[in-house]
Structures are given as C-alpha cells and as structure tokens.
Amino acid sequence: MGKSRFHWPCFPFLRLTSSFRRCPLSKRSLIIAIVCVVYLFFMVSHIGYSQQRRDRRTDKEKYRHTRGLYHLGISDVLPDSVDSQTGASYVVPTRSNVVYITLRSKRLKPTNIRGTIRPKLRRKVRRSKSAFTQSKLAVSERNFAPHTLLRETSDVDQKSVAIKHESHTDAEADSPLSSIRIYSQRAPPWFSAQDVKDMRFLADAKVLRVNEVSRGDSQSLLIFEGETVDSSITQKHTQLNNGCGGRCGVIHSPVDTAEVFAFHLDRVLGLNRTLPVVSRKFSFLHDGQPSPVVSWDASLYPEGLAAGWSTVKLTWGEYQSSLRQRCWQKKSPPKPDSGCSTIHHYEWSKLALFDFLLQIHNRLDQSCCGFRPRQEDVCVEQGHRAECGDQDHIQLANIVHRAHDPRHLVFTDNKGYFDRNENNLDFRLLEGIKELPEQAVSVLRSRRLREKLLQSLFLDQMYWESQGSRQGIDKLIDVIERRAKVLLTYINAHGIKVITMNA
C-alpha cells in the first residue's frame, strides 16, 4: 500500500520517461537541443536583468555622491523650511528627473581669459540719465499702459510706467517652469531660505510696474515692482516715497553681469554681505538681453532716495587708523577720540578678501593707485590718478550699511573685473589687513571652490546660459582660482592670521 502511494505522484513522470526512451534517437536529440536552447535563453535573460539592476544602483549611488548633502528623501523634509541643526534651507524642487552636471573639471591647464571675454566690457558705458529713452518707448509702446505716473520733488524725479502683458514674451513669469533650477529637496547649504525666495521672486515674478528714479547727478535707478500674493494689500498701505510700493528689484545694465557671479561667490565663501542677484530678460528693456536684477532693500535708504545710501565717510588715512585701532572688536565701545567709525573691525577683512578676488577697486581704491589702469577706466578719464600723490586724503566710496545695523557692511555695486592679469592685481586692497575670515579661507584651501561655484551658479539658468554654459563658467572660475592661489601665498608671506569672525 505504501509503495503504491509513493509511485502515484511519480506516475506522469515515469510514463513520460518511458515514452521518451521509445522515441528514435534523432527525435530525442532534437528534444534535448530545444530544452537546452530554452534554458540558455532564460539564463541569458536573467543575467542581463541582474546586470541592468546593478548598473542602475551604481548610477544612483554616483548621483547621491555627487549631490552630497543636498539630496534627501521627500518624507524627510518640509518645503521652504530650515534645518534647525545645519541652517540649510529646504525648498520645493523646480525640476525633476535630471542628470546633474559633472563637477570635476577636465581641463589640464587654465585657458587664457583674454581670449574669451571681450575687452570692450571694461570700457565705461556712457549711459543717459534716463533709462527710458525715446527709442525704447517707441519700440515698446505696446508693452506699456496708456498712462504714466510722474512724481517730482526738489531732489528726486520719479517716473512710473505700468506694464501690460499681452504677448507670450511678456508673460514669461506666468510659466510654471522657474529659471531658478533646484532639483533636490534642499538648496545648497550656503543659501538661506530667504535667499531662495528672493531669487525666485527676482527671476519669475510678473512685472506690474517699472519706476525710474533720478537723484540729481547720480545714476538713475530702474526699479520694477513684482506681483506677489499680498501685492494688492501691500500697495494700498505703502506709498511710493522710496521708489517701491511693494516687493521690488533693481534692474542693472547687461554689462554688469559680474554682479551675479559676485553674489554666488559671497554666499559660497560664507560672507553673506551681498544682496540676492539673478539674471533676467525684459522684453521692454535692453533689447531683451539678460540683465542683473538686485533685490530691493529699503533699509539702505533710511532717509529716502533723495538722501541716498546709508554710508560711512572715511578717507584712506582714517581707514588705516581704524584698522590699527581694531574698532568694536572688544566688547567695550571705542573711545570718542579714537577716530573709529560704526563699522566692526572684522567687516574690513571680509571686504578686502571679497574685493581682491573680484578686483573691485571702486570702494577702497577708486583712484586706481594700486594697479596699472587702462586709459578707458573711469579713474583715468576723470583724473583720479593724480590724487595718488596724497593717498591719506583719498575718500573711500560705496561703504554701505543698513540703517538698523551700523556694525555690518552691505556689499553693493559689485562690478568685478575678470580680465586683469595676475601681474597687475590691486594689492592695495589688502593693505593694513592683519586677519582674514577662517570660513572663507578654508574654502579657498579646500580645493572645492570650483565645485561649489558650479553647483551655485547652475541654479541661475539665465546667467548660466548667457555666459556660455559650463565652458564659459569654467573660464570665469579659472580666474578666481588663480587669484585665490595668489591670496593664499600672500597670507603665508605676510603672516596674516586666519581667525573665526562671527561678529
């Protein structure tokens, strides 16, 4: 009985084998060959599928490694929030399913920057006092509302023009695709949540009105008002006495694109002294060329536009004296007769490092005493070079701070120069500086400056493409890296201390 139970499940198999033995030899060989082919097909398919999964896993690991700290799971974050431990900002991604750029440069030696940047960008642009010329108004008449608003005071002339959005080119801000490219759940850690919000507003906000403000002999300001969620409420309770009736941005000339690079360099180095800047096109201005747009900050004009920026008046001699006094470095305030200004001592170190890397001389060396200028430079055309014989009485310029924060500087008008050779750098910018910020110097020493600048500048799609994409951006970073090496050599040669500057 037990033996029959054992043979019963095996009966079909035994019957199949017996019939297989009775088949001719050729038929048996054919059956065996078919079974082998089927088995080989399934084996090859299984191996290929396993290899494909392994390749996908490797690519995913490389992607996470490239993104570093910026990649998080969606369930781990909240949009537009801030990490309490690291201070990094969480943002809502504006792109998806994207392969990031390779951050490692393949260039063996830096290229010649003079072959890539036109020298005519160094020439002082002759701008008319009014940004709205008759030719531009004639070409762009369809973009403006029929009425304009003119306000005049004894010191300030203001012209306000409402913008109509009839064509698709004027309604680019309505597109759901932002020109600020953020692909992961967290922006780079050197950007705050407010930085990301300001950048998105400047790049994508719908332009409601453009105000042109003229202040005597000073360069006129072109301010646009953007549409926000509470723009209607804000405009009812805000007057236009400061040039902005809501949330605004200041439009600069297309030749001032270095302002965008300066903003990203400031954030990467951890200085955080510049206003947010993006590159944006306006169909009714500058023939549609990308222009830098700077975030409007009313606290820089505490007494209105007529009074101008809240600045510190210092001569070169007074500036050098304040560096020796180390003003406000100690907890006790300086003596009244010390000659100290309201600016903290550490701020001058940050300004000197920032201006040296970008070779911005319009603050500490507007007379061009520390380098060989060109004939078309402003300091030569206006005869400021003659003042270098009496350097102690040369006035510093553009030393700006907020009204509520007189200890800290705000870096404005950051028009850097990328076509100045290493043998003609302005070392006068570093004169009197005995300390430099540790956070910024550590970035220069870590050899990750290129990687961070590429990640940062990639966010601004308009600027990235206007500079020639990766190839053009690499050439600009080449210049900064070479100057960083010169600066590190200068630090070692002059015994400059690298200290933490949290003030």
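All figures in this text were calculated on a predicted structure; none of them were measured in a lab.

1. A word on a nonpolar patch on the surface
Residues L30, I34, V38, F41 and F42 make up a contiguous nonpolar surface patch of about 530 Å² in total accessible area. Within the fold, V38 resides in helix α2 (residues 25-67).

2. Some thoughts on unusual backbone geometry
A positive phi angle is found at Q359, which is not glycine, with a value near 55 degrees. Given the relative accessible area of 0%, Q359 is considered buried. Its identity as a non-glycine residue notwithstanding, S469 has a phi of 60 degrees, on the positive side.

3. With respect to the pattern of salt bridges
Inspection of every chain in the model, using the stated rule, returns 18 salt bridges. A salt bridge links E435 to R326; the nearest nitrogen and oxygen atoms lie 2.2 Å apart. Taken as a pair, E435 in strand β10 (residues 435-437) and R326 in the loop between α7 (316-325) and α8 (345-358) lie far apart in primary sequence, 109 residues in all. Of the residues examined, E435 reaches a relative accessible area of 4% and is grouped as buried. Judged by relative accessible area, which is 33%, R326 ranks as partly exposed. One salt bridge in this structure joins E347 and K350, with 3.9 Å as the shortest N-O distance. Taken together, the residues E347 and K350, both in helix α8 and 3 residues apart, mark about one turn of the helix.

4. Observations regarding the confidence of the model for the protein
In the predicted model, the protein carries a mean pLDDT of 77, and the fraction of residues at 70 or more is 67%. Residue range residues 108-125 is modelled with pLDDT below 50. Its contacts to residues more than four positions away, or to other chains, number 30 contacts. Below a pLDDT of 50 lies the segment residues 131-150, which in the model reaches 44 contacts outside its immediate sequence neighbourhood of four places, other chains included.

5. A look at the state of the cysteines
Here the structure, examined in full by the defined rule, presents 3 disulfides. Note that C327 is cross-linked by a disulfide to C340, the S-S spacing being 1.9 Å. Torsion about the S-S bond of the C327 and C340 cystine: about -75 degrees, corresponding to left-handed handedness. One end of the pair, C327, is in the loop between α7 and α8; the other, C340, is in the loop between α7 and α8, with 13 residues separating them in the sequence. Classification of C327 by relative accessible area gives buried; the value is 3%.

6. What to know about the pairing of strand β7 (residues 290-295)
Taking burial as the measure, the 6 residues of β7 include 6 buried ones, the bulk of the element. Residues of β7 alternate between two faces, with P290, P292 and V294 on one and S291, V293 and S295 on the opposite face, all of them buried. Pairing of strand β5 (residues 247-251) with β7, which is carried by 3 bridges, proceeds in the antiparallel orientation. In the strand pairing of β7, V250 is matched with V294. Examined bridge by bridge, strand β6 (residues 277-281) and β7 share 5 bridges and lie antiparallel to one another. Paired with V277 across the bridge in β7 is V294.

7. As for the pairing of strand β9 (residues 405-410)
The sheet contact formed by strand β8 (residues 400-402) and β9 spans 3 bridges and is antiparallel. Looking across to β9, one finds that R402 is bridged to D405. Between β8 and β9, which pair antiparallel and follow one another directly, the connecting turn spans 2 residues.

8. Some remarks on the environment of L222
With respect to the secondary-structure elements, L222 resides in strand β4 (residues 221-226). Along the chain, L222 and V293 lie 71 residues apart, while their C-alpha atoms are 9.8 Å from each other.

9. Observations regarding the nonpolar core
In terms of nonpolar packing, the biggest core is built from 95 residues, with F261, L269 and W348 touching the most fellow members. Counting residues per element, this core draws most heavily on helix α13 (residues 469-494), which supplies 10 residues. Once residues lying within four places of it in the same chain are set aside, the contact partners of L269 are L353, L357, Q439, A440, V443, L444 and L449.

10. Structural notes on the packing of aromatic side chains
Throughout the structure, instances matching the rule amount to 15 aromatic pairs. For the ring pair F224 and F282, a centre distance of 5.8 Å and an interplane angle of 55 degrees mean the geometry is tilted. Linking F224 in strand β4 with F282 in the loop between β6 and β7, this pair joins segments that are 58 residues apart in sequence. Assessed through its relative accessible area of 0%, F224 is described here as buried. A relative accessible area of 3% places F282 in the buried class. Consider the rings of W296 and Y301, whose centres lie 5.2 Å apart with planes at 10 degrees: the pair is stacked. With respect to class, W296 is no different from Y301; both count as buried. Within the aromatic cluster, the residues linked to one another by ring pairs are F201, F224, F282 and F284.

11. Considering the packing of α8 against α13
The geometry of α8 relative to α13 is characterised by a closest axis approach of 9 Å and an angle of 130 degrees between their N-to-C directions. Between α8 and α13, the angle falls in the class oblique. Counting all contacts with α8, which are made through L353, F356, L357 and L358, the residues of α13 involved are I480, R483, A484, V486 and L487. By residue class, the composition of the contact of α8 with α13 is 8 nonpolar, no polar and 1 charged.

Calculation notes
Residues numbered from 1 in each chain as written. Predicted model: local features only at pLDDT ≥ 70, side-chain atom pairs only at ≥ 80, totals over all residues. Heavy atoms only, no water. Patch = residues over 30% accessible without salt bridge, like charges linked within 9 Å, V, L, I, M, F, W, Y side chains within 5 Å. Areas by Shrake-Rupley, 256 points an atom, 1.4 Å probe, with all protein chains shown as cover. Salt bridge = Lys/Arg side-chain N within 4 Å of Asp/Glu carboxyl O. Helix = DSSP H or I, 4+ residues; strand = E, 2+ residues; numbered from the N terminus. Buried < 20%, exposed > 50% of the residue type's maximum accessible area, 1.4 Å probe, protein only. pLDDT = per-residue confidence, 0-100. Contact = heavy atoms within 4.5 Å. Disulfide = S-S within 2.5 Å. Pairing = 2+ DSSP bridges. Core = buried A, V, L, I, M, F, W, Y, C linked by side-chain atoms within 4.5 Å. Phe/Tyr/Trp six-rings, centres within 6.5 Å; stacked < 30°, edge-to-face > 60°. Axes fitted to C-alpha atoms, helices over the stretch in contact; angles between N-to-C directions. Parallel < 35°, antiparallel > 145°, perpendicular 65-115°, else oblique. Nonpolar A, V, L, I, M, F, W, Y, C, P; charged D, E, K, R; others polar.

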